[in-house]
Every structure is written in structure tokens, then in C-alpha cells.
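Structural features, examined
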Amino acid sequence: MTTDFDPRDHGLDPRTTLARVSEGGECRRTSPGHLVHFIQARLLNTKPERWQDAVVVEADPNGAVHGRLLDGDAPWWGVHHRSLAEDLPPGSPVQVALGSSALFLGPGRVRSVRFSTDGPPAPLEPCRGLRPIVTRDADGTERVVGYTADGSAD
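Cut-offs used in this document
Residues numbered from 1 in each chain as written. Predicted model: local features only at pLDDT ≥ 70, side-chain atom pairs only at ≥ 80, totals over all residues. Heavy atoms only, no water. Helix = DSSP H or I, 4+ residues; strand = E, 2+ residues; numbered from the N terminus. Contact = heavy atoms within 4.5 Å. Areas by Shrake-Rupley, 256 points an atom, 1.4 Å probe, with all protein chains shown as cover. Pairing = 2+ DSSP bridges. Axes fitted to C-alpha atoms, helices over the stretch in contact; angles between N-to-C directions. Core = buried A, V, L, I, M, F, W, Y, C linked by side-chain atoms within 4.5 Å. Buried < 20%, exposed > 50% of the residue type's maximum accessible area, 1.4 Å probe, protein only. Salt bridge = Lys/Arg side-chain N within 4 Å of Asp/Glu carboxyl O. Phe/Tyr/Trp six-rings, centres within 6.5 Å; stacked < 30°, edge-to-face > 60°. Patch = residues over 30% accessible without salt bridge, like charges linked within 9 Å, V, L, I, M, F, W, Y side chains within 5 Å. Arc of directions from axis to C-beta.

**Some details on the overall build of the chain**
- In terms of regular secondary structure, the chain is built from 1 helix and 11 strands.
- Along the chain, helices and strands appear, N-terminal first, in the series β-β-α-β-β-β-β-β-β-β-β-β.
- For the chain, contacts bridging at least 24 residues in sequence account for 54% of all contacts bridging at least 6.
- Carbon and sulfur atoms form 50% of the exposed surface of the chain, whose accessible area is close to 8600 Å².

See below:
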């Protein structure tokens, strides 16, 4: 593990404690395997002991990633809502915070990953963005009263 923890090395902005990495697109979920929530970023910033050095064994186009911890050679698996294969060829050095659902790929690049140490986790449902919640008044007028994530609660 890195002893001199610098939040900027983990994609965190120490001035705001927000993740600098924006994955863009339609996904707005902050559950493990989706986007890094600002509270998660703040916790990662204050708990450097959670990061463990690791190496990637395999990453596939469906968002699954498999690796091994350098200390003890223990295996881990993870899943992200988008493919990490292009960013993580076999042998890539990474840092993982298994209990915090965070994967550090390099400076400015931290991802939220649903981890497992018991085998590959189930794939995540595709993100479909937000959809409006529409109500109809007595006179037939439709109003948007909020938005909800479409799909499962992954």
C-alpha cells in the first residue's frame, strides 16, 4: 500500500472531495459498480489504509474484472456498469479498496466496482438513465413531478 497518500493520485479533488472523474452518459446511479458518489470520495480520501496494491488478471467487455492482491496473492473479482477492458489489460497494476467498492486505475481515474472475494459477482443491469415520473391532474394536464432511475436497483 502507498504510505504517502495523496488524494489527487486517486482521482479525488482535495479542495472539494469530489471525484474528478466524470463517466458521463446516461447513468446517474451511485451504487457499487456505477459512479463514485461524493461521500464515497470523501471517505476514500480519509482512509488510505483501505487501499491495497493489486494486479489485474483479466477484464472483459461486459464490465467484469478479475485480479489478485499483491500481499498474499488473494484473488478478487469485480463488476462495473461499463467495460474496463480497454483501461485494464492483463498485468495492469491497480489499487483496490474492497470494502469501499473502489478501484484506482491511475492518476485521476478511480472507479466504483462491486467486489467479491468468493467468485465473480452477477453482472449489472444496463443503465438506462433517468425517466420522468408523470402525473395526470383531474383536468387531464400531465405534470412531471420527479425523475427515477429506469431498470433494476443495481
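**Thoughts on the sheet that holds strand β6 (residues 93-97)**
- Pairing is antiparallel in the open sheet, where 7 strands are placed in the order β8-β7-β6-β3-β4-β5-β9. Single-partner strands in this sheet number two, and they are β8 (109-112) and β9 (114-116). Ignoring strand direction, the axes of neighbouring strands in this sheet form an average angle of 35°.
- Sheet topology note: the β6/strand β7 (residues 102-106) ladder contains 3 bridges and is antiparallel. When the sheet's bridge partners are listed, Gln95 is paired in β7 with Phe104.

**Quick notes on the nonpolar core**
- Within the largest apolar cluster, 14 residues are counted, with the highest numbers of intra-cluster contacts made by Trp76, Leu88, Val94, Val96 and Leu103.
- Of all the elements in the fold, those that place two or more residues in this core are β3 (52-59), β4 (64-69), β6 and β7.
- The element that contributes the greatest number of residues to this core is β3, accounting for 3 residues.
- By size, the runner-up hydrophobic cluster in this structure holds 8 residues, among which are Val36, Ala41, Leu44 and Ala102.

**Regarding the pattern of salt bridges**
- Under the definition given, this model contains 4 salt bridges.
- The salt bridge involving Asp87 is made with Arg109; its shortest N-O contact spans 3.9 Å. With Asp87 in the loop between β5 (75-79) and β6 and Arg109 in strand β8, the pair connects residues that are 22 residues apart, well separated along the chain.
- Residue Asp87 is classed as partly exposed on the basis of its relative accessible area, which comes to 34%.

**Examining the packing of aromatic side chains**
- Per the counting criterion, the structure on display carries 2 aromatic pairs.
- Ring plane angle 80° and centroid distance 5.5 Å describe the contact between Trp76 and Phe115, whose orientation is recorded as edge-to-face. Of this pair, Trp76 sits in strand β5 while Phe115 sits in strand β9, placing them 39 residues apart in sequence. In this pair, the class of Trp76 matches that of Phe115, namely buried.

**Considering a nonpolar patch on the surface**
- On the surface, Phe38, Ile39 and Leu43 cluster together into a nonpolar patch covering about 270 Å² of accessible area.
- With respect to the element layout, Ile39 can be found in helix α1 (residues 38-46).

**Quick look at α1**
- Listed as buried for α1 are Gln40, Ala41, Leu44 and Asn45. The buried residues of α1 occupy one face: seen down the axis, they fall within an arc of 140°.

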